[in-house]
Amino acid sequence: MRETALSAAHAELGASFTDFGGWKMPLKYSSELEEHHAVRATAGLFDLSHMGEIRIVGPDAATFLNTALVGNLAAVKIGKAKYSLICREDGGILDDLIAYRIDEDEYLLVPNASNREVVAAALSERAAAGPAGSAAPSDSPTSAGSAASEEAGFDVEVWDESEGISLIAVQGPVAQKIISSVVRANETFLVEELGYYAFTTVSIGGDEILLARTGYTGEDGFELFLPNDKAHALWLALLEAGSDDGLVPCGLACRDSLRLEAGMPLYGNELSTERVSFEAGLPVVSFTKQENFTGRAALEAAKAEGRGKTSGQRLVGLKGLGKRAGRGGYPVLAVEGAAAGETVGAVTSGLPSPTLGFPIAMAYVDVEHTEPGTRLDIDLRGKPQPFEVVPLPFYRRAR
C-alpha cells in the first residue's frame, strides 16, 4: 500500500489503519463516534493526501475542460472552485471532482484517490484528441503523467502532481478560528473573508500554501494543499493551534458518517459508470455551454426521457423508523400499493446517524416510490425494517 507523508505521524497518535484505494490511511485514532462528534461540535483534522491533484495548464485550458467535464468551467472565476463530473460517452460517471481555477490558463483538479489514474488518463486522451474528437498524431504523448497537445489537440498540458502533494483538512465550527491562528498572509487578508468554494495562497511558517474553503463533512472547513516535505510541520502546527478548541485528529470512518449525514455522494457507492447525474440528483450538467463535452448526447437523451425524474431510479434519503440500520447493497422493498413486498431499489450507504440518533441511508429507488413521506422497508438479511423517504441532506449545519 502507498503511504502518505503523514503516515508516521498517524502511527505516533495511535491510529488504526485501513486500505483505502490502495493507500494506508488512518481509519480512526480512538473512537470514530468521538471523532464524528468533535467535527460537529468543534473541529477535526484530516489527512486527505490520498486524493489526486491534476493540473491543467495552457491557453486552451478553459475550453478543454468544457469538453472534458460536464460543467461550465470556463465561467468559473479565478480564485473560485466548482464541483463537476467527468463522464463516459454513454453518460456514465467516471468520477466526481473539484476544479480550482488558479489563473486564466490554469486549473487544479482534485479527483478521488481510487480514480486518479483513470481520470488523468482520460484527460490526457481528450486533450490530445482535440475539440472534434479527431485522433492525435501517433507520436503525441498521451501518458497520465503529462500530455502536450499538437495540431489535432488542445493547447494544454495535463500534469498529474498527486505524488508530490499533501492535502490536510480542518473541518468544524471552530475551523476558521484555528486556521486564522496559523495563517500569516498579507495584511489585507482575513480568513473570515474567504468565501465558500473559494481559495487563496497563504503563508504558514514561511511556506506558501493553497488554502481552500471546501470540505466533505457538511461543516464549515478548509483544505490545505502543500508539498509533501512541508506536511508534517503543518500537521503539528494545526494540532497545537487547535489544542484549546477541541481539535482532534480524525480518520476515514467518521469522514464517511459525516458525509452521509450531509447527503454527499461517494464514488463507488452512490456514483459509478452505471449511473448518470440525473439519477444521482446532481444538477451539475451545463447544456447551455457551446462545447460538445464527452457524454453530452447521451445525457441530453437521458434528460429527454426523464431518467431519474419520471423514469428509472433516483437517489433518495431514507430515515429509519426503527433502530436497525441498512447497509450498502441491502434491498429496498415497497410497502404500499400493487408493488408491496417487491424489491424497488437498493441501499448505497447506510449507518446509525451519530448526530441525529436514528438510522439513515441513501438508496437508488424506482422513481414512483421516491416521494418524501413514502414508506419503504430495507431488507436486513430477511428481516424487513421500516424506513421513510426524506429529502437530502439529513443534516444541515446552522449558519
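Shown above is the structure to which this text applies.
Below, the structure is looked at part by part. Just so it is clear, the structure is predicted and the values come from calculations on it, not from any experiment.

## Re the sheet that holds strand S17 (residues 343-352)
Phase 1 of the analysis: Read around the closed barrel, 6 strands run S15-S18-S17-S16-S19-S20, paired in antiparallel fashion. Looking at each pair of strands side by side, their axes are set apart by 40 degrees on average, direction ignored.
Phase 2 of the analysis: Examined bridge by bridge, strand S15 (residues 313-320) and strand S20 (residues 383-390) share 4 bridges and lie antiparallel to one another. Across the sheet, Lys319 pairs through a bridge with Glu388, a residue of S20.
Phase 3 of the analysis: Helix-sheet contacts for helix H7 (residues 252-261) involve S17 and strand S18 (359-366), and the interaxial angle to S17 is about 125 degrees.

## Let's talk about the pattern of salt bridges
Phase 1 of the analysis: Going through the model one piece at a time under the given rule, you end up with 20 salt bridges.
Phase 2 of the analysis: Between Glu161 and Arg55 there is a salt bridge, with the nearest N and O atoms lying 3.0 Å from each other. Of this pair, Glu161 sits in the loop between strand S9 (157-160) and strand S10 (165-171) while Arg55 sits in strand S5 (residues 54-57), and the two are 106 residues apart along the sequence.
Phase 3 of the analysis: With a relative accessible area of 26%, Glu161 lands in the partly exposed category.
Phase 4 of the analysis: The class of Arg55 is buried, set by a relative accessible area of 18%.
Phase 5 of the analysis: With a shortest N-O distance of 2.7 Å, Asp220 and Arg213 are connected by a salt bridge. In terms of burial, Asp220 and Arg213 fall into one category: buried.

## A few points about the nonpolar core
Phase 1 of the analysis: If you look at the biggest cluster of nonpolar residues, it comprises 30 residues, and the most contacted ones within it are Ile168, Val170, Ile179 and Leu238.
Phase 2 of the analysis: Of all elements in the fold, only strand S4 (43-47), S10, helix H5 (175-182), strand S11 (199-204), strand S12 (207-212), strand S13 (221-227) and helix H6 (228-241) reach the threshold of two or more residues within this core.
Phase 3 of the analysis: Looking at which element gives the most residues to this core, the answer is H6, with 5 residues.
Phase 4 of the analysis: Setting aside its immediate chain neighbours within four residues, Val170 contacts Ala43, Gly44, Leu45, Ala175, Ile178, Ile179, Gly221, Phe222, Leu238 and Leu247.
Phase 5 of the analysis: Grouped together as the second largest cluster of nonpolar side chains are 24 residues, Ile56, Leu69, Val119 and Val156 included.

## Thoughts on the sheet that holds strand S3 (residues 23-28)
Phase 1 of the analysis: Here 3 strands make up an open sheet; going across it, the order is S1-S3-S2 and the pairing mixed. Pairing within the sheet leaves two strands with one partner each, and these edge strands are strand S1 (2-3) and strand S2 (16-20).
Phase 2 of the analysis: Across 2 bridges, S1 lies against S3 in parallel orientation. Following the sheet pairing, Arg2 is matched in S3 by Trp23.
Phase 3 of the analysis: Across the sheet, H7 lies against S2 and S3, angled at about 70 degrees from S3, the strand it touches most.

## Regarding the environment of Val365
Phase 1 of the analysis: Here Val365 lies in strand S18.
Phase 2 of the analysis: The buried category is assigned to Val365, whose relative accessible area is 0%.
Phase 3 of the analysis: With residues up to four places along the chain from it excluded, the contact list for Val365 reads Gly312, Gln313, Arg314, Val316, Val332, Val344, Gly345, Thr370 and Leu376.

## Concerning the side chain of His369
Phase 1 of the analysis: Tracing the backbone shows His369 in the loop between S18 and strand S19 (375-380).
Phase 2 of the analysis: Residue His369 is classed as buried on the basis of its relative accessible area of 11%.
Phase 3 of the analysis: What His369 contacts, discounting residues up to four positions off in sequence, is Ala334, Ala339, Val344, Thr374, Leu376 and Val389.

## Digging into a negative patch on the surface
Phase 1 of the analysis: On the surface, a cluster of negative charge is contributed by Asp103, Asp105, Asp155 and Glu157.
Phase 2 of the analysis: Mapped onto the fold, Asp103 is located in strand S7 (residues 93-103).
Phase 3 of the analysis: Overall, Asp103 belongs to the partly exposed group, its relative accessible area being 41%.

## Looking at empty space enclosed by the protein
Phase 1 of the analysis: The tally for this structure, following the rule as stated, stands at 1 cavity of 30 Å³ or more.
Phase 2 of the analysis: There is about 30 Å³ of room inside the largest cavity.
Phase 3 of the analysis: Taken together, Phe46, Leu48, Ala169, Gln171, Gly215, Tyr216, Thr217, Glu223 and Arg255 form the lining of the largest cavity.
Phase 4 of the analysis: Taken together, the residues of the lining of the largest cavity sort by class into 4 nonpolar, 3 polar and 2 charged.

## What to know about the packing of aromatic side chains
Phase 1 of the analysis: Tallied over the full model, the rule gives 6 aromatic pairs.
Phase 2 of the analysis: Aromatic pair Phe64 and Phe154: ring centres 5.3 Å apart, planes at 55 degrees, arrangement tilted. Within this pair, whereas Phe64 is found in helix H3 (residues 61-68), its partner Phe154 is found in the loop between helix H4 (116-129) and S9, the two being separated by 90 residues in sequence.
Phase 3 of the analysis: Look at Phe154 and you get buried, because its relative accessible area is 3%.
Phase 4 of the analysis: One aromatic cluster is present, formed by Tyr100, Phe199 and Phe225 through successive ring pairs.
Phase 5 of the analysis: In this structure, Arg275 is placed above the aromatic ring of Tyr364, and the distance from its NZ or CZ to the ring centre is 3.7 Å.

What counts and how
Residues numbered from 1 in each chain as written. Predicted model: local features only at pLDDT ≥ 70, side-chain atom pairs only at ≥ 80, totals over all residues. Heavy atoms only, no water. Pairing = 2+ DSSP bridges. Helix = DSSP H or I, 4+ residues; strand = E, 2+ residues; numbered from the N terminus. Axes fitted to C-alpha atoms, helices over the stretch in contact; angles between N-to-C directions. Contact = heavy atoms within 4.5 Å. Salt bridge = Lys/Arg side-chain N within 4 Å of Asp/Glu carboxyl O. Buried < 20%, exposed > 50% of the residue type's maximum accessible area, 1.4 Å probe, protein only. Core = buried A, V, L, I, M, F, W, Y, C linked by side-chain atoms within 4.5 Å. Patch = residues over 30% accessible without salt bridge, like charges linked within 9 Å, V, L, I, M, F, W, Y side chains within 5 Å. Areas by Shrake-Rupley, 256 points an atom, 1.4 Å probe, with all protein chains shown as cover. Lys, Arg positive; Asp, Glu negative; His and termini not counted. Charge placed at Lys NZ, Arg CZ, Asp CG, Glu CD. 1 Å grid on protein atoms, 1.4 Å probe; cavity = no way out; pocket = protein on both sides within 12 Å on 5 of 7 lines; lining within 4 Å. Points joined across faces, edges and corners; volume = space filled by probe spheres on them. Nonpolar A, V, L, I, M, F, W, Y, C, P; charged D, E, K, R; others polar. Phe/Tyr/Trp six-rings, centres within 6.5 Å; stacked < 30°, edge-to-face > 60°. Lys NZ or Arg CZ within 6 Å of the ring centre and 35° of its normal.

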